[in-house]
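Below, each chain spelled out in residue letters.
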Amino acid sequence: MSLQTKQLYANPDGDRWWLARYSDSGRVFIKHAASVASGGEESTIELAEFLGRPGNPPEMQALVRLIGSLVSRELDDTPAANSN
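These remarks concern the structure in this document. Only a predicted model underlies this, so the values are computations on that prediction, with no experimental measurement involved.

**Let's talk about the packing of aromatic side chains**
Any pair of aromatic rings gets described here by the distance separating the centres and the angle formed by the planes.
Piece 1. In total, this model carries two aromatic pairs according to the counting rule given.
Piece 2. Ring centres of Tyr9 and Trp17 lie 6.0 Å apart, and the angle between their planes is 40°; on these two criteria the pair is classed as tilted.
Piece 3. Here Tyr9 falls in the partly exposed class, since its relative accessible area comes to 22%.
Piece 4. Here Tyr22 and Phe29 contribute two aromatic rings whose centre-to-centre distance is 5.4 Å and whose plane-to-plane angle is 40°, an arrangement assigned as tilted.
Piece 5. Residue Phe29 is classed as buried on the basis of its relative accessible area, which comes to 2%.

**Some details on the pairing of strand S3 (residues 28–33)**
Two faces, one strand: in a regular strand the side chains alternate between the faces of the sheet.
Piece 1. Most of S3 is tucked away, with five of its six residues classed as buried.
Piece 2. Sheet analysis places strand S2 (residues 16–22) next to S3, joined by six bridges and oriented antiparallel. Counterpart to Trp17 in the pairing with S3 is His32.
Piece 3. Counting the residues that bridge the hairpin from S2 to S3 gives five residues, and of these Gly26 lies at a positive phi of roughly 80°.

**Thoughts on the pattern of salt bridges**
Piece 1. Applying the stated rule across the entire model yields three salt bridges.
Piece 2. One salt bridge in this structure joins Lys31 and Glu42, with 3.6 Å as the shortest N-O distance. Taken together, the residues span a long stretch of sequence, with Lys31 in strand S3 and Glu42 in strand S4 (residues 42–46) at a distance of 11 residues.

**Overview of the environment of Ser2**
Piece 1. The residue Ser2 is located in the segment before strand S1 (3–10) in this model.
Piece 2. Note: C-alpha distance between Ser2 and Ser23 (21 residues apart in sequence) is 5.6 Å.
Piece 3. Beyond its immediate sequence surroundings of up to four residues, Ser2 is in contact with Arg21, Tyr22 and Ser23.

**Some details on the sheet that holds S3**
Piece 1. On the basis of which strands lie adjacent, the open sheet formed by four strands has the order S1-S2-S3-S4 and antiparallel pairing. Looking at which strands have only one partner, the edges of the open sheet turn out to be S1 and S4. Within this sheet the neighbouring strands show an average axis-to-axis angle of 30°, counted without direction.

**Remarks on the nonpolar core**
Piece 1. Ranked by size, the top nonpolar core spans nine residues in total: Leu8, Trp17, Ile30, Ile45, Phe50, Met60, Ala62, Leu63 and Leu66.
Piece 2. Examining the composition of this core, we find that four residues originate from one element, helix H2 (residues 58–77), more than from any other.
Piece 3. Setting aside residues no more than four positions away along its own chain, Leu66 makes contact with Lys6, Leu8 and Leu19.

So, how was this worked out
Residues numbered from 1 in each chain as written. Predicted model: local features only at pLDDT ≥ 70, side-chain atom pairs only at ≥ 80, totals over all residues. Heavy atoms only, no water. Phe/Tyr/Trp six-rings, centres within 6.5 Å; stacked < 30°, edge-to-face > 60°. Buried < 20%, exposed > 50% of the residue type's maximum accessible area, 1.4 Å probe, protein only. Helix = DSSP H or I, 4+ residues; strand = E, 2+ residues; numbered from the N terminus. Pairing = 2+ DSSP bridges. Salt bridge = Lys/Arg side-chain N within 4 Å of Asp/Glu carboxyl O. Contact = heavy atoms within 4.5 Å. Axes fitted to C-alpha atoms, helices over the stretch in contact; angles between N-to-C directions. Core = buried A, V, L, I, M, F, W, Y, C linked by side-chain atoms within 4.5 Å.

What follows is the structure in structure tokens.
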């Protein structure tokens, strides 16, 4: 099982977040590594849960920017589906 990751954000306290994907199953999720001061534990968060959290923390902003950049590139290359 191959895990692909792209770091989204690292805060000044040492917490880090990645967008992660298992290449064999296609499962996509957020991987979080807490800072050493917070125990250094790693956890996974489903995308819907991550995006449904209250507020607009920087790690969520980073994910939204990444998604937006992918959509922008795709929209530039794809004709509108409903154009007449």
